[in-house]
Every structure is written in structure tokens, then in C-alpha cells.
Amino acid sequence: MENIQVISAQDKVEKISKIVLWVLIGISLVVMALFLLIGYDTPYEENPNFNDPKLTDLLLVWTYILIAATAVATIAAVIYGFVNGSNKSKHEEKGMAGKAGVIAWGTFVVSIIIGLIVVVSLGTIIFVVNFFDSQDVKLKGEDTNFSVNKNSAGAAEHFFKQQESSALLFMDMLNTMDSNTSEKESTAYFFERNPDFGAVALLSFGKEGFFFDKKIVNKKFFQKHESDASQFDALCENESVNLRKGAGGESFVVNTTGYFGFASVAVTIPWHENGKRQALVFLTSTESLSDNFGGGNTRLSHSSCIVNAKGDIIVHSDFQAMQRNDSIAKTSFFKTMNEYNDSSRQFSFKDEDGTKFFCAYQRLPFGGLCVITTIKAATLYEGIGNLTRRNILLMVAILFLAILFIWLYAKTISNPLKALTKASEEIENGNFDISVKSKSHDEISALAESFNKMSKGLSERARFRGKAGSKVLDGDAENVGEEKSVTVLYFNIRNFAALSQLLSPQEIVGFLNDCMTKMAACITRTNGTV
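Everything numeric here is computed off the predicted structure, so don't read it as measured data. (Residues numbered from 1 in each chain as written. Predicted model: local features only at pLDDT ≥ 70, side-chain atom pairs only at ≥ 80, totals over all residues. Heavy atoms only, no water.)

1. Side note on the overall build of the protein
Going by this rule: Only runs of H or I of at least four residues qualify as helices and only runs of E of at least two qualify as strands under DSSP, and these elements are numbered from the N terminus. Residues are treated as being in contact if the distance between any of their heavy atoms lies within 4.5 Å. Areas reported here follow the Shrake-Rupley algorithm with a probe of radius 1.4 Å; residue values treat only the protein chains shown as occluding.
The helix and strand tally for the protein stands at 18 helices and twelve strands. At a minimum sequence separation of 6, the contacts of the protein that also span at least 24 residues come to 59%. Counting every atom, the protein has about 31600 Å² of accessible surface; 57% of that belongs to carbon and sulfur.

See the structure below:
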């Protein structure tokens, strides 16, 4: 009896494909394990609060390789399914074999539908997760931005308060000196202990302008910065309107970077002595403060600056902005900040180019200064964007893998059906000596077993039916009559009636089977019919 395998001639290719698939899965697990175990908790050097996992590039490269491999495999499966199952005319020519191609094509369509369901499900999950993650990132980013602003404001307030206290203490000390020698020693000692001071002056103002009551210049300071000390007089002359505010009882800070070529400010504070209204003016470097206000002090690149009440930039990480004496007075967020008129707040705004920013500010209790910290919304959401792109890539990879898995599983259904279809075609052509082998233990296997029983029954029926019966079934009943010389064997078992009285029913059946088996074997060997 001819045997038809349930698994087609593609077994070898499919087995190799499965081996390759398991190898890819194994490598993926190894890569993921290495990624998680080797330095996953390694902190960023710039900011230890954030992790800088190692082998991230390896994981991403392997993900891209998986996507490419699964894409090629899926496209190949599509082409194979189309070639073997989509040509209707070929199906009609092949008859039952063509129907098997339709079955294969149908299973692939089902795999595509299931894959699309997987994509929709994963896409929905990714959208929901990213939505809530973006809200969390926004809250954390705003909180971090506000904290950075608070820390920057604290550093700025400490700096200016310390410089003010040092200048006031120095001036008080000079007023108590009795000799020029003591004044020179005190001045040298002061500038040695406070190297950021360039000059300290006491100004009086009249109707015609101002004049110096006292002026002490730190020559080493200007030599260090390769600047001209005489520019201090030009500064006081050009900024006399702002410096006069000190004599009026108001502190004020002026950006002097453009005068001297390095980050510096001039501070004017009230000074009252002997009933005279004077202004104490001192020049100090802000380079140490500017370094702390850079755009790289955190992983998220917050940028802080200090402006005065007029909106002029006093301290900024961008040296060119200070040298140009840039102002933010006309910007939308400065106007919004003045509308709120409170000590601290955080809000979002868009600049002239439409770029969205998050802005936090805090006013200092000194000279009308305000510390402003901003961060681009795109920078804040950059991590979410990267995560979304990676999730989409993983979703595509999962889609291709799902289609591949479903395709391989569908083959375990379509191949047995193809074999049963081919066997049915053989029976249709009159070949009843055929059976289908099944390697599984499922419903398909039960169907194959039933088919084999049917095939065996049909084979026995065909073998025992006579030539006349064959002609009747073939529609050739007119020539049924035929004369032949035959031998007919008729036999009877002696004393069977008496014997049946002595034996049990089971023994009688066994006795008859033995007799009939021996007789039927002789008749069958000589091409007889029982």
C-alpha cells in the first residue's frame, strides 16, 4: 500500500528555518542578558541620577538585524504563498491539488490578519503607554526645571550678597583708617582675599554729574584679564543714570562685559555717610557664576541666566550674549513674567520661531535681579520620542516574527490537508491502496486515521467485487452475461451440531475463524473469490 507523508517535500527547508529561528531567539536572549547584566546601572558621569547602560548600541544593532531578517523572511513567505496558492487558473488545472494551494493561501491570509491584530494591539498599548509616560516626563521635567532654577537662584543670591557684604566691610574699614600706610595694606589684603573684585568706588552725584569720593582699583585684576583699568571711569560716565539709583536708595546691577571683554558686572548700592547720599559702586567678575549657569549642567540641558529689572542680561552661559549686552525685555515670556508680578513661577511659552519652552523664574531680593531657567519642550520629550521610535521598531519586529510563527504553525495544518487532498485525488482515480501517515496526535491525525480506514474498506471492496459488478459500476451493464468454467468449493463440518452443544460461543467463533482463515488463504492464493 502506497504511503503519503503528511509533511510535504519542504520538510527539510522548514526544519532548517525552525533551527535558524531558534538560533535567532537564543542570540536575542544572550544579547538582552548581556545588556541587563553588564553595566545596566552604570550612571552618567555628568549626572549620576541617570543611567548610562553599556551595550546599548549592540542591542539596537541586533534589533535592526532582526527586523531586516524577519522582513526578508516574511516577504519570501508572501512570494511563496502567492506563487503556490494565488493563481486561480493553475488551481483549476490541478484539480484537488489546486484546492490544496487555496488552503495554503488561506492559512497565510489568516496569519496576516492575526499579525494585523497583533499590530493594532501593540500600537494601542504603545500609544497609551507613551501618552501617560509623556505626562509623567512633563511633570518630572517641570519639577527638575524648577529645582534647577531654585538652585541657580540660590547660588546667584549667595554670590551677590557675599560681594555686597565684602564691599561694605571694605569701605567701612577704609573709613576707620588713620594713615595712608594702613589704607594701602588693607587694600592689598582685601584684593588678595577677594580676587574677583576689580574696583571699588564711592560716588557722589550733583546737578552737573558725579565725582569720585573714593576710588580703589585692583591693578592685578585688570592685568590678569588683559583689560584697561581706565575703562572703569568710562563705565561710570556712561552708566551714570543707572549708577545714580544707588544714591537714591536702590540697588542696581549693570552688565559690563562689553566694556572689559570678560564676564563682569558693576553693582551700585546705597551708601549714607555724614548726611550725604552716595552710591557705593564695585566691579566684580562673574566668570565663576557664568560657568554654573551653562546649558550642560544637567542631562536635560537646562539653561539659566540672570537679568535685571530692565530685562538686560547680566549673567549667561553665552559669552557673546553678555558682550552684546542683549536684552529680553521685548520677549513674550519676559512680559508674561512681569504680568504675574510674583516671586517665582513656572509656565510654558513659544518664541518667535514657534519653539516651545518651559520657563521657571525666581526673583532675587537684590538689585531687582531675576534668575530664569528654560528648557526646550522638544529636549524634554526627546526621551519619549526615542522610546516611541524604539517601540515602533520592536512592534514591527514582533509583527514580522508573529507572521513568521503563524506561517510555520499554519504549515502544520495546511501540509496534512494537502496530503489528504492528494490522497483523495488518488482514490478518485481508482487507486484505493493508499494511506496517509500522520506525525501528530491531534484532530488532523484522527482525520488521517479515519481516511486510512475508509481507504482500506474501499480497497477490500474493490478486490472482492467481481468483474460483473465492476461493469455495472462502470455503466457497462449490457455485456454482463458471460459463460465460464469454474470450480465451486462447498464444505460442511462433520458433527457440527453436536460439537456446538459442547463448546461455548467464544470457542465456536474461534473454531470457525481458524477454519475459514485456512480455507480463505488457499482460495485467495489461487485468485479465487470467497
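2. Examining the sheet that holds strand 8 (residues 313-316)
Let me state the cut-off plainly: In this analysis, strands are considered paired if DSSP registers two or more bridges between them. Here an angle of 0 to 180 degrees is reported between the N-to-C directions of two axes, which are lines fitted to C-alpha atoms, with helices fitted over the stretch in contact.
In spatial order, the strands read 8-7-11-10-9; together these five strands make up an open sheet with antiparallel pairing. Two strands in the sheet have a free side with no partner beyond their single neighbour: strand 8 and strand 9 (344-350). Adjacent strand axes in the sheet meet at a mean angle of 25°, parallel and antiparallel pairs treated alike. Pairing between strand 9 and strand 10 (residues 356-363): seven bridges, direction antiparallel. Bridging from a neighbouring strand, Ser348 pairs with Phe358 of strand 10. Against the sheet, helix 12 (residues 332-340) engages strand 7 (303-307), strand 9, strand 10 and strand 11 (370-376), with an angle of about 145° to strand 9.

3. Focus on the pattern of salt bridges
Just so we agree on the cut-off: Salt bridge, as applied in this entry: a Lys or Arg side-chain nitrogen positioned within 4 Å of an Asp or Glu carboxyl oxygen. Think of it in three bands: with a 1.4 Å probe and only protein chains considered, a residue is buried below 20% of the maximum accessible area for its type, exposed above 50%, and partly exposed in between.
In this structure the tally under the stated criterion is three salt bridges. The shortest N-O distance in the salt bridge between Asp326 and Arg324 comes to 2.7 Å. The residue Asp342 makes a salt bridge to Arg345 at a minimum N-O spacing of 2.9 Å. Relative accessible area serves as the criterion here: at 31%, Arg345 is assigned to the partly exposed category.

4. Describing the packing of aromatic side chains
Defined as follows: Note on aromatic contacts: the rings of Phe and Tyr and the six-membered ring of Trp form a pair at centre separations within 6.5 Å, being stacked when their planes are under 30 degrees apart, edge-to-face when over 60 apart, and tilted otherwise. The criterion is that NZ of a Lys, or CZ of an Arg, lies within 6 Å of the ring centre and within 35 degrees of the ring normal, and then a charge sits over that ring.
By the definition in use, this model includes 19 aromatic pairs. Look at Phe197 and Phe282: their rings are 5.4 Å apart centre to centre, the planes differ by 45°, and that puts the pair in the tilted class. Taken together, the positions of Phe197 in strand 2 (residues 197-206) and Phe282 in strand 6 (residues 276-285) put the pair 85 residues apart, joining distant regions of the chain. Centre to centre, the rings of Phe349 and Phe357 are 5.4 Å apart; their planes meet at 15°, and the pair counts as stacked. A relative accessible area of 13% means that Phe349 is categorised as buried. On the accessibility criterion, Phe357 (14% relative accessible area) is buried. In this structure, Lys245 is placed above the aromatic ring of Phe252, and the distance from its NZ or CZ to the ring centre is 4.1 Å.

5. Section: unusual backbone geometry
Working note: non-glycine residues mostly have negative phi, and peptide bonds are mostly trans. Its identity as a non-glycine residue notwithstanding, Glu226 has a phi of 50°, on the positive side. Mapped onto the secondary structure, Glu226 falls in the loop between helix 6 (219-224) and helix 7 (231-238). For Glu226, a relative accessible area of 74% gives the class exposed. Phi at Asn325 is positive, roughly 55°, even though this residue is not glycine. Take Asn325: it is sitting in the loop between helix 11 (319-323) and helix 12.

6. Remarks on the sheet that holds strand 4 (residues 252-255)
Sheets are built from strands that pair by backbone hydrogen bonding, the pairs being arranged parallel or antiparallel. A sheet is described by the order of its strands in space; here five strands give the open sequence 3-2-6-5-4, paired in antiparallel fashion. At either margin of the open sheet sits one strand with a lone partner, and together these are strand 3 (209-217) and strand 4. Strand-to-strand twist in this sheet, taken as the mean axis angle between neighbours without regard to direction, amounts to 25°. This element, helix 7, spans strand 2, strand 3, strand 5 (264-273) and strand 6 of the sheet and lies at about 150° to strand 3. Across the sheet, helix 8 (residues 240-247) is in contact with strand 2, strand 3, strand 4, strand 5 and strand 6; its angle to strand 6 comes to roughly 120°.

7. Structural notes on a nonpolar patch on the surface
Here is the rule: The patches described consist of residues with a relative accessible area above 30% and no salt bridge, like charges being joined within 9 Å and nonpolar side chains (Val, Leu, Ile, Met, Phe, Trp, Tyr) within 5 Å.
On the surface, Val30, Met32, Leu34, Leu36, Leu37, Ile38 and Leu58 cluster together into a nonpolar patch covering about 620 Å² of accessible area. Broken down by element, the residue count for the nonpolar patch peaks at five residues, all from helix 1 (residues 11-37). Examined against the element boundaries, Leu58 turns out to sit in helix 2 (residues 56-85).

8. A look at the environment of Ser301
Its place among the elements puts Ser301 in the loop between helix 10 (287-292) and strand 7. Taking C-alpha positions, Ser301 is 9.0 Å from Thr374, a pair spaced 73 residues apart along the chain.

9. Structural notes on the environment of Asn341
With respect to the helices and strands, Asn341 occurs in the loop between helix 12 and strand 9. We classify Asn341 as exposed; its relative accessible area is 63%. Sequence separation of Asn341 and Arg363 is 22 residues, and the distance between their C-alpha atoms is 9.6 Å.

10. Points about the nonpolar core
Note the threshold: Here, nonpolar core means buried Ala, Val, Leu, Ile, Met, Phe, Trp, Tyr and Cys residues that are tied together by side-chain atoms lying within 4.5 Å of each other.
Counting 30 residues, the largest nonpolar core has Phe160 and Ile306 as its most contacted members. Of all the elements in the fold, those that place two or more residues in this core are helix 4 (96-175), helix 5 (180-193), strand 2, strand 5, strand 6 and strand 8. For this core, the leading source of residues is helix 4, giving eight residues. The contact partners of Ile306, leaving out residues within four places of it in the chain, are Ala156, Phe160, Leu289, Phe293, Asp312, Ile313, Ile314, Val315, Leu369, Cys370 and Val371. Ranked by size, the runner-up nonpolar core spans 18 residues in total, among them Phe232, Leu235, Phe262 and Val281.

11. Observations regarding the pairing of strand 3
The sheet contact formed by strand 2 and strand 3 spans eight bridges and is antiparallel. Of the residues in strand 3, the one forming a bridge with Ala199 is Val217. Turn length for the strand 2-strand 3 hairpin, with the two strands adjacent in sequence and antiparallel, is two residues.

12. A look at the environment of Thr63
Tracing the backbone through its elements, the reader meets Thr63 in helix 2. Given a relative accessible area of 14%, Thr63 falls into the buried group. Separated by 331 residues in the primary sequence, Thr63 and Leu394 have C-alpha atoms spaced 7.4 Å apart.

13. Notes on the pairing of strand 2
In terms of burial, strand 2 is largely enclosed, as nine of its ten residues are buried. In terms of strand pairing, strand 2 meets strand 6 through seven bridges, oriented antiparallel. Bridged to Val200 within strand 6 is Phe282.

14. Details of helix 8
Those residues of helix 8 that fall on the buried side of the exposure criterion are Asn242, Leu243, Gly246 and Ala247. Those residues of helix 8 that are buried lie in contact with strand 2, helix 7, strand 4, strand 5 and strand 6. Once helix 8 ends, the next one or two residues include Gly249, with phi positive near 90°.

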